[in-house]
Amino acid sequence: MYPGEGEVVASSRLRFLIEAPNRRVEIAVDGEGWRACRRGDGYWWLDAALEPGRHQAFLRCEGPRGGAESVRVCRFLVSAEQPRADLKRTARGALHAEG
């Protein structure tokens with residue numbers, strides 16, 4: 001899942017990406033209602049605009065017989081600051097410290 005646990009996201013506009021073979025995937029951010037993800041290019045995805053700060057994303061996937069098959073929680077940070085020089089962006093858009 002992107003963003004992953006503990007990741008720092010440099011933009012308040014982000015795209016959640018989930019790799020899952022399930023029939024339905026939903027995300028709830030910061031205790032708000034469940035939002036259905038769309039399927040495309042081998043991923044489930046959902047665009048969101050979040051305020052800078054710490055956030056929690058709750059992920060649930062529907063199994064082949066219906067009902068929630070798995071539920072996962074991910075905590076991440078949306079940064080209000082420009083990335084530091086020692087932070088490099090990964091292919092998925094997250095920042096990590098080099099060295």
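Provided above is the structure to which this section pertains.
Residues numbered from 1 in each chain as written. Predicted model: local features only at pLDDT ≥ 70, side-chain atom pairs only at ≥ 80, totals over all residues. Heavy atoms only, no water.

(A) Structural context of unusual backbone geometry. The omega angle of the peptide bond from tyrosine 2 to proline 3 is -5 degrees, so this bond is cis rather than trans. Mapped onto the elements of the fold, proline 3 is located in the segment before strand 1 (8-9). Although it is not a glycine, aspartate 30 sits at a positive phi angle of roughly 55 degrees. Tracing the sequence through the fold places aspartate 30 in the loop between strand 3 (24-29) and strand 4 (35-36). A positive phi is found at aspartate 41, a non-glycine position, where the angle reads about 55 degrees. Residue placement: aspartate 41 occurs in the loop between strand 5 (38-40) and strand 6 (43-49). (Helix = DSSP H or I, 4+ residues; strand = E, 2+ residues; numbered from the N terminus.)

(B) Here's a closer look at the pairing of strand 3. Burial analysis of strand 3 places five of its six residues in the buried class, the great majority of the element. Relative to strand 7 (residues 53-62), strand 3 runs antiparallel, the two being bridged by six bridges. Each bridged residue has a counterpart across the sheet, and for valine 25 the counterpart in strand 7 is cysteine 61. With two bridges joining them, strand 3 and strand 4 adopt antiparallel strand pairing. By the bridge assignment for strand 4, glutamate 26 is matched with alanine 36. Following strand 3, the chain reverses through five residues before pairing antiparallel with strand 4; aspartate 30 in that reversal takes a positive phi of roughly 55 degrees. (Buried < 20%, exposed > 50% of the residue type's maximum accessible area, 1.4 Å probe, protein only. Pairing = 2+ DSSP bridges.)

(C) How the structure looks around the side chain of glutamate 26. Relative to the helices and strands, glutamate 26 is located in strand 3. Look at glutamate 26 and you get buried, because its relative accessible area is 11%. A polar contact of 2.8 Å, which involves the side chain of glutamate 26, links it to the side chain of arginine 24. Side-chain polar atoms of glutamate 26 contact the side chain of arginine 60, separated by 2.6 Å. (Polar contact = N/O pair within 3.5 Å; in protein donor to acceptor, adjacent residues only side chain to side chain.)

(D) Up close: the pairing of strand 7. Here strand 7 runs beside strand 8 (residues 68-78); their pairing, made up of ten bridges, is antiparallel. From the neighbouring strand, phenylalanine 58 faces strand 8, where its bridge partner is valine 73.

(E) Region of the structure containing the sheet that holds strand 6. Taken in spatial order, the three strands make up an open sheet running 2-6-5, and their pairing is antiparallel. The open sheet has two free edges, formed respectively by strand 2 (13-18) and strand 5, since each of these has just one partner strand. Neighbour to neighbour, the strand axes of the sheet diverge by 35 degrees on average, direction disregarded. Sheet analysis places strand 2 next to strand 6, joined by six bridges and oriented antiparallel. For leucine 17, the partnering residue across the bridge sits in strand 6 and is tryptophan 45. (Axes fitted to C-alpha atoms, helices over the stretch in contact; angles between N-to-C directions.)

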